[in-house]
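Spelled out from the first residue to the last, the chains are:
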Amino acid sequence: MNNELYAVVGHPICHSKSPRIHSLFAAQTGESVEYTSVQAPLDGFAATVRQFFANGGKGLNVTVPFKEQAWALAECRAARAEKAGAANTLYQNNEGQLVADNTDGHGLVRDLVANHSVQLKDARVLVLGAGGAVRGVLGPLLEQQPASLTIANRTVAKADALVELFADEAGAATLSACGFEEPGQPFDVIVNGTSASLQGDLPPLRANVIGASTVVYDMMYSLQTTTFNQWALDNGAIRVFDGLGMLVEQAAESFRVWRGVRPETAPVIDALRDD
Ligand code: ATR
């Protein structure tokens, strides 16, 4: 049987780990999947998507800087993609309509809860950042029913806007927004969703947001301990994780959406760590 074609589209795309992850999934599950990468011109995302599907492509992952455009281009959206305002997964339904999904938040929650046994239910959660990456994970985090979810951002107005947007999904959780320097008590879980470390910056948090049992998750991944995780360790965090597991988990969820088969993620996370 011929392989069915999938790809990740972004700009730039050369460092993407998605082709490696999905080829490991295909080998593991025996699914007839071929997965490549496509660099779309910055002004040519929609044309690239249309051409991919016109040529028989079955599904796309979408990465920086096109996730918002992918969301806007779609004719239908999965419920979890609707409020995220961004999509990382595209495919066509039986009517030939372009469907957008967002598996990033699922990937984060699954890595925390299933892979690292971090309890989010009833936890006091601090999320740093209020950009596209954070907007994509707030719905799945709130679904876990934390006691509170505090969004801290450099530009507080953007955190305020997210609180307003997600107020109806908060349930019993206390959802609030603030600047980085405001929180002055320990949290159970801190998730860094800012891009500050790309510039080697640290959000100026007070050290006492870290308590004796605080778990820290940096959505960035890197070979070395990330700048943020090093800061957290230096200030007493009990466990720190980077975003490699989230990357593999969001990919596994996309694979499941497309193929109806959920790959095992642990061997793939291990393989990527060893690369
Ligand atoms: P992404 O898609 O990665 O979320 P984004 O939408 O541009 O990208 O959002 C980047 C986030 O990182 C924002 O929360 C941004 O803060 P502002 O909303 O105040 O711009 C945050 N960020 C970027 N650089 C930062 C820095 N040097 N220090 C602190 N926060 C930073």
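Being a predicted model, the structure only gives us computed values, none of them experimental.

The rules behind these values
Sequence positions are assigned chain by chain, starting from 1 and proceeding in written order. Thresholds applied to this predicted model are a pLDDT of at least 70 for local features of residues and 80 or more for the giving and counting of side-chain atom pairs; totals over whole chains, interfaces and linings are not thresholded and use all residues. The side-chain numbers reported here are obtained from all heavy atoms of the structure, hydrogens and water having been left aside. Either an automatic procedure or a domain database provided the assignment from which the domain bounds are taken. Accessible-area loss on putting two parts together, using a 1.4 Å probe and summing over both, is the definition of buried area adopted here. Here, a salt bridge means any side-chain nitrogen of Lys or Arg that lies within 4 Å of a carboxyl oxygen of Asp or Glu. What qualifies as a polar contact is a pair of N or O atoms within 3.5 Å, subject to a donor-acceptor requirement within protein and to the restriction that residues adjacent in sequence count only when both atoms come from side chains. A run of H or I in DSSP becomes a helix once it reaches four residues, and a run of E becomes a strand once it reaches two; helices and strands are each numbered from the N terminus. Note on residue categories: nonpolar means Ala, Val, Leu, Ile, Met, Phe, Trp, Tyr, Cys or Pro, charged means Asp, Glu, Lys or Arg, and polar means any other residue, Gly included. Of the two site types, the cavity is a set of points on a 1 Å grid over the protein atoms alone where a 1.4 Å probe fits but cannot get out, and the pocket is an open set with protein on both sides within 12 Å along at least five of seven lines, each lined by residues with an atom within 4 Å of a point. Grid points are joined across faces, edges and corners, and a volume is the space filled by probe spheres set on the points. The pairing criterion is simple: DSSP has to find at least two bridges between the two strands. A clockwise course of the path from the first strand over the helix to the second, judged with the strands pointing away from the viewer, identifies a crossover as right-handed. Only heavy atoms matter for contacts: two residues are in contact if any of them lie within 4.5 Å across the pair. To obtain each axis, a line is fitted to C-alpha atoms, and for helices this fit is confined to the stretch in contact; angles are then taken between N-to-C directions over 0 to 180 degrees. Working rule for helices: expected span equals 1.5 Å times residues minus one. Burial classes follow relative accessibility: with a 1.4 Å probe on protein chains only, a residue under 20% of its type's maximum area counts as buried, one over 50% as exposed, and anything between as partly exposed. Each direction from the helix axis to a C-beta atom contributes to the arc, which is the arc of those directions.

Draft legend 1. Highlighting the domain arrangement of the chain. Here the chain is partitioned into domain 1 (4-102 + 246-274) and domain 2 (105-242). Between the C-alpha centres of domain 1 and domain 2 there is a distance of 25 Å. A combined buried area of about 1,400 Å² lies between domain 1 and domain 2, and 51% of that area is made up of carbon and sulfur atoms. Three residues stand out in domain 1 for area buried against domain 2, namely Lys 83, Met 246 and Glu 249, and they jointly supply 49% of the buried area on that side. Taken together, the connections running from domain 1 to domain 2 amount to four salt bridges. The salt bridge partner of Glu 169 is Lys 83, with a shortest N-O separation of 3.4 Å. At the junction of domain 1 and domain 2, the tally comes to twelve residue pairs in polar contact (both at pLDDT 80 or more). Only α9 (244-259) and α10 (266-274) provide two or more residues apiece to the side of domain 1 that touches domain 2. Among the elements that take part in the side of domain 1 that touches domain 2, α9 stands out by supplying five residues, more than any other. Taken together, the residues that form the side of domain 1 that touches domain 2 break down as four nonpolar, four polar and eight charged.

Draft legend 2. Here's a closer look at the layout of surface pockets. Looking at the largest pocket, its volume works out to about 1,500 Å³. Along the walls of the largest pocket sit 49 residues, with Val 64, Lys 67, Ala 133, Leu 198 and Met 220 positioned nearest its centre. Taken together, the elements giving at least two residues each to the lining of the largest pocket come down to β3 (59-62), α3 (67-73), α6 (132-143) and α9. Per-element tally for the lining of the largest pocket: the top contributor is α6, with four residues. When its residues are assigned to classes, the lining of the largest pocket shows 22 nonpolar, 20 polar and seven charged. Here the lining of the largest pocket gathers at least three residues from each of two domains, domain 1 (4-102 + 246-274) and domain 2 (105-242). Its volume calculated, the second largest pocket comes out at about 200 Å³. Lining the second largest pocket are 14 residues, and of these Asp 111, Asn 115, Thr 265, Ala 266 and Ile 269 sit closest to its centre. Of all the secondary structure elements, the ones that give two or more residues to the lining of the second largest pocket are α5 (104-115) and α10.

Draft legend 3. Inspection of the pairing of strand β2 (residues 33-39) at higher detail. Looking at chain direction, strand β1 (residues 4-10) and β2 are connected through seven bridges and run parallel. Among the inter-strand pairings, Glu 4 is bridged to a residue of β2, identified as Val 33. A crossover links β1 with its parallel partner β2, the connecting element being helix α1 (residues 18-29), and its sense is right-handed.

Draft legend 4. Region of interest: the sheet that holds β1. As summarised here, the arrangement of the six strands in space is β2-β1-β3-β5-β6-β4, forming an open sheet in which the pairing is mixed. Taken across any chain shown, the strands that pair with only one partner, and hence form the sheet edges, are β2 and β4 (76-77). Lying on the sheet, α1 is in contact with β1, β2 and β3; it crosses β2 at an angle near 175°. Set on the sheet, α9 makes contact with β1, β2, β3, β5 (89-92) and β6 (98-101); between it and β5 the angle comes to about 5°.

Draft legend 5. How the structure looks around α1. With twelve residues, α1 ought to run about 16 Å at 1.5 Å a step, and its terminal C-alpha atoms sit 16 Å apart, in line with that. Taken together, the buried positions of α1 are Ser 18, Pro 19, Ile 21, His 22, Phe 25 and Ala 26. Buried residues in α1, looked at end-on, bunch into an arc of 160°, giving them a common side. Those residues of α1 hidden inside the fold are in contact with β1, β2, β3, α9 and α10. Positive backbone phi, at 75°, marks Gly 30, one or two positions downstream of α1.

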